[in-house]
Amino acid sequence: MATPRLVVGSGALETCGLDQIVEALKLLLSPGGSSSSSLQTTKHDVLLATLKSNLSALEDKILRDPQWKKLKLLQDEIVNQAEWPQNSVDITWSFTSQALLLLLCLKETMIRLTADFNPARRLYTSCTVLLNVAQHASLGSLIFCRHFGDIAAGLCQLGFCPTKRKPAIPAEEVLTEEERTLSREALRDMLDQVYQPLAVRELLILQGAPPQSCTDVKTQLRCQTPAWLRRLCGQLLSERLMRPSGVQAVVRGILEGAGAGKAGGSDAEATAADWKKCDLIAKILASCPQQSLSLESYYRDICPQILDLFHFQDKLTARQFQRVATTTFITMSREHPQLAAKYLLQPLLAPLHRCLNTAEITENDMVPGTILVTEEELSRCIEDVCKVYVVGNEPLAVLLDSLLPVLRMLFALYCFTKQSVSHIRSFCQEILLWILEKLERKIAIASLKGFAGLDKAVPSLHPLCQFRAATQGGIMITIKEAMSDEDEDEALYQKVSSEQSQVEHLGDLLIHCQECGLAGDFFIFCLKELSHLAVENKAELKPKPFSSKSLLELEHQALLVAGYEHRLLVLQLLAVLCEKMSEQIFINIAQVVDFVAATLQRACASLAREAESTVESQTLSMSMGLVAVMLGGAIQLKSSDFAIMKQLLPLLEKVSNTYPDPVIQELAADLRITISTHGAFATQAVSMAAQSTLNKKGPEEKTKEQQQGSHNTPVAQSHHEQQKSHKKSPQTGQKSDVPFIPEGISEPGTTANQKSGSITTEQLQEVLLSAYDPQIPMRAAALRTISRWIEQREAKALERQEKLLKIFLENLEHEDTFVYLSAIQGVALLSDVYPEKILVGLLTQYDSGKDKHTPETRMKVGEVLIRIVRALGNMVSKYRDPLIHTFLRGVRDPDGAHRASSLANLGELCQHLDFLLGPIVHEVTTCLIAVAKTDSEVQVRRAAIHVIVMLLRGLSQKATEVLRDVLKDLYHLLKHVVQLEPDDVAKLHAQLALEELDEIMRNFLFPQQKLEKKIIVLP
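Everything numeric in this text was worked out from a predicted model, so none of it was measured.

Basis of the calculations
Residues numbered from 1 in each chain as written. Predicted model: local features only at pLDDT ≥ 70, side-chain atom pairs only at ≥ 80, totals over all residues. Heavy atoms only, no water. Axes fitted to C-alpha atoms, helices over the stretch in contact; angles between N-to-C directions. Helix = DSSP H or I, 4+ residues; strand = E, 2+ residues; numbered from the N terminus. Left-handed = near helix turned anticlockwise from the far one by under 90°. Contact = heavy atoms within 4.5 Å. Nonpolar A, V, L, I, M, F, W, Y, C, P; charged D, E, K, R; others polar. Expected span 1.5 Å × (residues − 1). Buried < 20%, exposed > 50% of the residue type's maximum accessible area, 1.4 Å probe, protein only. Arc of directions from axis to C-beta. Pairing = 2+ DSSP bridges. Salt bridge = Lys/Arg side-chain N within 4 Å of Asp/Glu carboxyl O. Patch = residues over 30% accessible without salt bridge, like charges linked within 9 Å, V, L, I, M, F, W, Y side chains within 5 Å. Areas by Shrake-Rupley, 256 points an atom, 1.4 Å probe, with all protein chains shown as cover. Core = buried A, V, L, I, M, F, W, Y, C linked by side-chain atoms within 4.5 Å.

Caption draft 1: Examining the packing of helix α43 (residues 921–934) against helix α44 (residues 938–955) more closely. Interhelical geometry of α43 versus α44 gives an angle of 145° and a closest axis separation of 8 Å. Like other packed secondary-structure pairs, α43 and α44 cross with a definite hand, here left-handed. Across the interface between the two elements, Leu928, Val931 and Ala932 from α43 touch Val940, Arg941, Ala944, Ile945, Val947 and Ile948 from α44. The residue makeup of the contact of α43 with α44, split by class, is eight nonpolar, no polar and one charged.

Caption draft 2: Spatial organisation of helix α2 (residues 43–64). For α2, built from 22 residues, the straight-helix expectation of 32 Å at 1.5 Å per residue is met to within 8% by its first-to-last C-alpha distance of 32 Å. Three or more residues of α2 are buried, namely Thr50, Leu51, Asn54, Leu55, Leu58 and Ile62. Down the axis of α2, the buried side of the element spans an arc of 130°, and every buried residue falls inside it. Counted as exposed and oriented over 90 degrees from the buried face of α2: Lys52, Leu63 and Arg64.

Caption draft 3: Inspection of the sheet that holds strand β3 (residues 475–479) at higher detail. Taken together, three strands build an open sheet; the order of strands is β1-β3-β2 and the sheet is antiparallel. In this open sheet, the two edge strands, each paired with only one partner strand, are β1 (371–373) and β2 (465–469). The sheet shows a mean angle of 45° between the axes of neighbouring strands, direction not considered. Sheet topology places β1 next to β3; two bridges connect them, and they run antiparallel. When the sheet's bridge partners are listed, Val373 is paired in β3 with Ile477.

Caption draft 4: Representation of the environment of Tyr343. Within the secondary structure, Tyr343 is located in helix α16 (residues 337–348). Relative accessible area serves as the criterion here: at 14%, Tyr343 is assigned to the buried category. Measuring from C-alpha to C-alpha, the distance between Tyr343 and Ile302 comes to 9.0 Å, with 41 residues separating the pair along the chain. Tyr343 has contacts with Glu296, Tyr299, Arg300, Cys303 and Leu307, leaving out every residue within four places of it along the chain.

Caption draft 5: Seen up close, the pattern of salt bridges. In total, this model carries 23 salt bridges according to the counting rule given. Residue Asp65 pairs with Lys61 through a salt bridge whose shortest N-O separation is 3.3 Å. Given a relative accessible area of 17%, Asp65 falls into the buried group. Look at Lys61 and you get partly exposed, because its relative accessible area is 30%. Residue Asp192 pairs with Arg243 through a salt bridge whose shortest N-O separation is 3.3 Å. Note that Asp192 is positioned in helix α7 (residues 177–193) and Arg243 in the loop between α10 (227–242) and α11 (246–260), a separation of 51 residues in sequence. Judged by its relative accessible area of 35%, Asp192 is partly exposed. Look at Arg243 and you get partly exposed, because its relative accessible area is 28%. Counted as one network, the salt bridges with shared partners bring together Arg188, Asp192, Glu239, Arg240 and Arg243.

Caption draft 6: A look at the pairing of β2. In the sheet, β2 pairs with β3 via five bridges, with the strands oriented antiparallel. Within the sheet, the bridge partner assigned to Cys465 lies in β3 and is Ile479. Taking the residues between adjacent antiparallel strands as the criterion, β2 and β3 are bridged by five residues, where Gly473 takes a positive phi near 85°.

Caption draft 7: Focus on a nonpolar patch on the surface. On the surface, Val129, Val133, Leu139 and Leu142 cluster together into a nonpolar patch covering about 310 Å² of accessible area. When contributions to the nonpolar patch are tallied by element, the ones reaching two or more residues are α5 (119–134) and α6 (137–160). Examined against the element boundaries, Leu142 turns out to sit in helix α6.

Caption draft 8: Geometry of the side chain of Glu981. Its place among the elements puts Glu981 in the loop between α46 (967–980) and α47 (984–1005). Other than its neighbours up to four places away in sequence, Glu981 contacts Ala932, Arg941, His976, Ala986 and Lys987.

Caption draft 9: Structural context of the nonpolar core. Within the largest apolar cluster, 167 residues are counted, with the highest numbers of intra-cluster contacts made by Met190, Tyr389, Leu403 and Phe522. No other element matches the ten residues that helix α26 (residues 589–609) contributes to this core. Those residues within four positions of Phe522 in sequence are excluded, and the remaining contacts are Ile445, Leu448, Lys449, Leu506, Leu510, Leu573 and Leu577. Val869, Val891, Val977 and Ala990 belong to the second largest nonpolar core, which has 84 residues in total.

By themselves, these figures tell us nothing about what the structure is for.
Shown next as C-alpha cells:
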C-alpha cells in the first residue's frame, strides 16, 4: 500500500540540524536499565517501562531545552499535517508515532539542505580558480598532468550541459550565458595548450571509453555517458584531428589510452601486435568528420600526416605508428580508392614517377650530374612501398594499378643493387615478388616481358637518367654525363652487359616464383615465343652500300635487326631459365602439357620449314617421353587431367603424319590413342618410352668418375712455411760449447711436473732479464720458459702481463727463427688468457702501414692472430667483427704478401665461425671473387682460391646452410678460375674446391641411409 506524501510548509524559519534529530532518535531508542528487583517482573513489563521512560525523557528534552526549539517547530508542522492520531493511551503506539515523526523530520531536513546546495556555482568557482592557478608555469604542468580530465569534465558540464526551462533554484544561483561562454572558451584554450595526446586520451574517456584501470564489466556498464557529452567529445576530438600534427596526436592518444602505456613503452610491443586497435584507428582516420568542408579537403589535409607516420626513428614507437599508417593506408584505399590514389599513392611513388621515360624533365634538371632523386628520398620511397604493399598484404586494385607503371624501374633498381652491397636490395626483391604473386597471371607475364626487354612499351627509367651508388649505402638517380664520340664503344659495351645482367637477375628473381607457378608459366611463354619466331620466315640481311639504300630499305633493315635482337633475347632467356630453374619448375599437369605443346608446335614449325635439326629432334623425343611417363602411371591422372591433355591431340596427329623419323611417328600415334581412350589402351611403345625416360642419367652422374682427383696438394702460404720452420732446429752459428742457462730456464719437457706457484720473484726477474740476452739460445730458452709459465697460469708471471707482452712483441722483430717463433707462441698464449686486452693492440699493429712496422713483423703478427683464432675456437665469435674488418682491410693492402696473409687468416677465421658467418657471408664472398678475378699477383689469387677450399672443408655439410645465398656465386667463380686462370696452382686449388663442393652437394641430395629402429616409450 502506498504511503501518501506529506507536504511540509515553510513554517520553520531555519532548517533544523541533522545532529539534533539523530540525538533525539538515540534518546528515544536507547535501552532502559534493569532497576526492578522483583523476580516476578516479565520482559513485557520491562519493555513497556523502557518505552514510557524514553518518551518522557524525549518530551522533557524538547520542551525544556531551548536548543531544540527548531526541532519542536518542525515537529509541530509535521504533526499538523499528519493523518494519524497523536495522543493515545497505548504506550507502544505513542512510541511508534514519535519515531515516525522524527524520521519525517529527518527526511524534510535533508530535502531542505539539498535545495540549498548549488553545485553549478561551486563547480564554476572551482574550475575558475584552478585555471587561474594553472597560469603559473610550474603549477600548470602539475595541475594539468593530474587533474586535466577533472577540469575538462567540469568545463564541459558548465559550458555545454543543456539547462532546464524552469529552474528549481533561484535565478541568482543559475550560471549566466556569459559565464557559460567563458567556460566554453576556457575549455578550448586549455585543450589547445596541453599535450595533445593527453587531451585526446581524456576526451576518449569522457566520451565513454573506460579508463585504463577500469576493467570491471559492471563498472563499465554503470558509467553511462550522456548523449550531449558524447557528441561534444566527438566534436572536440575531430578538432584535435584537424589541427597540425593532429593525426600523430590522435594515434598516440588512442594507443596510450587503449592500455599501451606511453607510446614506445614496455607494453608497446603488445599494442603493436594488436591489429584490432590499428583497425580502429584506421577507421577513425578514414572517416571524414562533420567539421571538414568536404571529403577531398579532409584527405588533402590528412594524407601527408599519414605518410609521415612511416618515418619515426624510435624503434618501438615507429613499429606502432607504421602499423597504424599501413592499416589506415589500406582502409582509405579500400573505401575511397580515387582519393587514396591522388593524395596517398601519388606522393608515395613521386620519386619513381619523376624519372620515368614518360615523364617530362625540366631544362633546369637536364644539366649532367644533376641529382633528380636523392639517396634519402629513394630509400624512404622504397621502404614505404614495402611497408604498404608487402607488410599490408592487401592486393587491392588501386594498389596494384598504381605500382604497375614503375614496376620495370623497380626491377632496374633491383638489378643495380645486385652489383654492390645496398640495404634496399631486399626491399626491392620483396616488392617485386609480392606484386608478381598478386597480379593476374597474364599481367604478371606481361610485366616479366618488360623486365626482360621483350616489351619496349613498358615504362622504364628515363634514357637520360642513371642510378648511382650513394655514400650511405643507398642509391640516387642522376642525369647522365655527356658522352663523347670516343665513349660510344664503351657505352655500347655497357648497354650489352647491362642487358645480359638483367636477364641473369631476372632468372634469380624467378627462382623464388617456382612454388606459385609463375616461373613455369613464363618459361612456357618463352617457349611459345620461340615457336612463333620459328614460324616466321628467315630474312637475310644483304649488305649494300649505304648510298644505294632507300629510306624504306633502311626502315626494313632496322625492323629486321630488331627482330634478330628479339630472337637472341628469347634464346638468352631460355638459356638462363634452363640453368637456374630446378626440376620443380612445373607444379601442375596443365603446365607440363603446355610445355609439351610448345615443343610440339616448334617441331611442327621446323617440319614446315624443312629445317629439322638434331637438337630439335632430341627435344621432341624428350617431351614425348615426358607424356609417356605421365600416361605410364608415374602420377595418378584424373579425368580433368585427360581433358587438359586433349589439346595435344592435333599436334600429335600432325607429328605422326609428317615427321620423317618412323619411331617418333609411331610413338606420337600411340600417345594420341592413349590420351583419347583416357589410358584404357596403351601400347608397348608408350611403356618403353616411359621406362627409357626414367632411366636416363643426369650429367652429374655421367661425369662422376671424370672428376676424381688427388686431395693431397701442398699449399704455398706464408704462415704454413712459418709453421714448418718452427719444427726445424735453430741455426745459431755457435760452437758446440753450451752456454750457461740461468736457474729456472730449461726446455719445456724438463719441467713438465713443475707445480703452479713454485716460481719465486727472483726466478721471474732472472728469466725476464735473460729474454734480452744477446745470446740467441739464452733468449729463446727464456721466451719458451715464460710461455710455459703462462700456459700453467703462474700467478706471479700473469701479474706482469704488460711487461711480458712488451718482451714478446720486441722479440718479434728478431731475425732468428727460433726467437721470433718462441715470441709468437708466447703472445698467442698470453692472448688466450687476456684476449680483450691484447687482441685489439695486435689488430692495430697488423693493420698498420709500412711506415710503422716492417712487412716481416706484420706477417709475424698475422701468425699470432691465426694462433689466437685457433685457440679461441668457438669463443672467436665474440671477436668476429674486429677480426673480419682487419683481415678485409688487409686484403686491400699494397703489399702482396700482406694481402695473401690476410686471406689465409680470413680463411682460418671463417672455418671457426660456422653459422655465425651468415651475416657477413656476402662481404666475404664479394671480396674473394674480386681478388680471384682482378688481383695482379699470383700468390694473392692462389690464397683467395685456397680460402674457398678451407671454407668448404671446414663447413662440410653445413655449407649448404651457411653459404646458401652465395654458393652459386662461388661455383661460378671456381668454374671461371678453372677455365681462364693462367696459373696452374690456382687452377688446382679451384679444382679441389669444386670436388669438395661436389661431395657436399652429393651428400646433401643423396644422404646416407641409416637402418635405425626407433623405440618410443609411452607414458
